[in-house]
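# Remarks on the overall topology
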Amino acid sequence: EPEVTQTPSHQVTQMGQEVILRCVPISNHLYFYWYRQILGQKVEFLVSFYNNEISEKSEIFDDQFSVERPDGSNFTLKIRSTKLEDSAMYFCASDGGGLETQYFGPGTRLLVL
Amino acid sequence: SQQGEEDPQALSIQEGENATMNCSYKTSINNLQWYRQNSGRGLVHLILIRSNEREKHSGRLRVTLDTSKKSSSLLITASRAADTASYFCGSLGAQKLVFGQGTRLTINP
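The sections below set out a description of the structure shown in this document. Every chain is numbered on its own, with residues counted from 1 as its sequence reads. Each chain takes a letter, starting from A, and each ligand takes a number, starting from 1, following the order in which they are written. Reporting of local features is limited, given that this is a predicted model, to residues whose pLDDT is at least 70; pairs of side-chain atoms are given and counted only at 80 or more, and all residues count toward the totals for whole chains, interfaces and linings. Side-chain measures were taken over the full set of non-hydrogen atoms in the model, leaving aside hydrogen atoms and water.

## Quick word on the state of the cysteines
Residues and elements named next belong to chain B.
- Disulfides are defined as pairs of cysteine sulfur atoms found within 2.5 Å of each other. Counted according to the given criterion, the structure contains two disulfides over all chains.
- The partner cysteine of Cys23 in its disulfide is Cys89, sulfur to sulfur 1.8 Å. Since a negative S-S torsion denotes a left-handed disulfide, the Cys23-Cys89 link at about 65° is right-handed. Here Cys23 is found in strand E3 (residues 19–24), whereas its partner Cys89 is found in strand E9 (residues 85–92), with 66 residues between them in sequence. An identical accessibility class is assigned to Cys23 and Cys89; each is buried. For helices the rule is a DSSP run of H or I covering at least 4 residues; for strands it is a run of E covering at least 2, with both sets numbered from the N terminus onward. Using a 1.4 Å probe on the protein chains alone, a residue whose accessible area is under 20% of its type maximum counts as buried, one over 50% counts as exposed, and one in between counts as partly exposed.

Now the structure itself:
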């Protein structure tokens, strides 16, 4: 069964460093998303991406965040200058139609020191 | 803004019993999706119910949706130890899912 994959599974970085989180959505899906979950809290929407552009973003998704689909398979989230409060589990998701089931990847646990 | 909220926050039952979790949301939706999350892991999709549906079944899962009350419930019948996890509802309006805090379900053997 097709699944969303994410790398790395864990990342530890120093405050102020740039990180890139990578996702490979399900191959025939068209809509891509990033969510995050701070430890013990609910899953929060960050951004949605369709047709090579951001279609919606949350207040969390400020100028330090960016997303890119550099090729036909990868979908990346870049955090330019990490802060302590960026420590969280980051989930990528994809769906085929925009109002369909969103399939989530296993997540990348980011720890900013 | 939309906000899904689940209750109870925690539920502990004996294996074999049924577990019911509730979810509320605040604005109109296209569908509502239930997910399971084992500790520290990813979200596993369980079931999607559309705004024009009132009830849906999938194996031991039964989901209801009441759009007039902006609420949904997830029933897991004949619970098993492997059902121990956190359960989240995500309400889908335009594109983004809005999740609540989740229900932490513990199945005692």
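## Quick notes on the packing of aromatic side chains
- Only Phe, Tyr and Trp rings take part, Trp by its six-membered ring, and two of them pair if their centres are within 6.5 Å. Stacked means planes under 30 degrees apart, edge-to-face means over 60, and tilted covers everything else. Following the criterion strictly, the structure yields 14 aromatic pairs over all chains and no others.
- The structure contains a cluster of three or more aromatic residues connected by ring pairs, namely A:Tyr33, A:Tyr35, A:Phe45, A:Phe91, A:Phe104, B:Tyr35, B:Phe88 and B:Phe99.

## Quick notes on the side chain of A:Gln102
- In this fold, A:Gln102 is placed in the loop between strand E9 (88–95) and strand E10 (103–104).
- For A:Gln102, a relative accessible area of 0% translates into the label buried.
- Each polar contact in these results corresponds to two N or O atoms within 3.5 Å; when the atoms are within protein, one needs to be able to donate a hydrogen and the other to accept it, and residues that are neighboring in sequence are counted only if both atoms are side-chain atoms. Only 2.8 Å separates the side chain of A:Gln102 from the backbone oxygen of B:Gln95, close enough to count as a polar contact.
- The criterion used for residue contact is that any of the two residues' heavy atoms lie within 4.5 Å. Among residues more than four places away in sequence, those in contact with A:Gln102 are A:Tyr33, A:Tyr35, A:Ala93, A:Ser94, A:Asp95, B:Gln33, B:Tyr35, B:Leu92, B:Gln95 and B:Leu97.

## Regarding the sheet that holds strand E7 (residues 61–66) of chain B
All names here are of chain B.
- Two strands form a pair only when DSSP identifies at least two bridges running between them. Here we have five strands laid out as an open sheet, ordered E1-E3-E8-E7-E6, and antiparallel in their pairing. Looking along the sheet, the strands with just one partner apiece sit at the ends: strand E1 (5–7) and strand E6 (55–58). The average angle at which neighbouring strand axes cross in this sheet is 20°, direction not considered.
- Sheet topology note: the E1/E3 ladder contains three bridges and is antiparallel. Bridging from a neighbouring strand, Asp7 pairs with Asn22 of E3. Note on method: axes are straight lines fitted to C-alpha atoms, helices fitted across the in-contact stretch only, with angles between N-to-C directions ranging 0 to 180 degrees.

## Describing the interface of chain A and chain B
- Listed by partner, the interface residues are 23 residues for chain A and 24 residues for chain B.
- Regarding the contact of chain A and chain B, the summed buried area is about 1,800 Å², with carbon and sulfur atoms giving 51% of it.
- Buried surface area refers to the total accessible area, computed with a probe of radius 1.4 Å, that the two partners give up upon joining, counted for both partners together. Three residues stand out in chain A for area buried against chain B, namely A:Lys42, A:Leu99 and A:Phe104, and they jointly supply 31% of the buried area on that side.
- Just to be clear on terms, a salt bridge is a Lys or Arg side-chain nitrogen sitting within 4 Å of an Asp or Glu carboxyl oxygen. Inspection of the region where chain A meets chain B yields two salt bridges.
- Residue A:Glu56 pairs with B:Lys96 through a salt bridge whose shortest N-O separation is 3.5 Å.
- Between the two partners, chain A and chain B, sit twelve residue pairs in polar contact (both at pLDDT 80 or more).
- For the side of chain A that touches chain B, the secondary structure elements donating two or more residues are strand E4 (31–37), strand E5 (43–50), strand E6 (53–57) and E9 of chain A.

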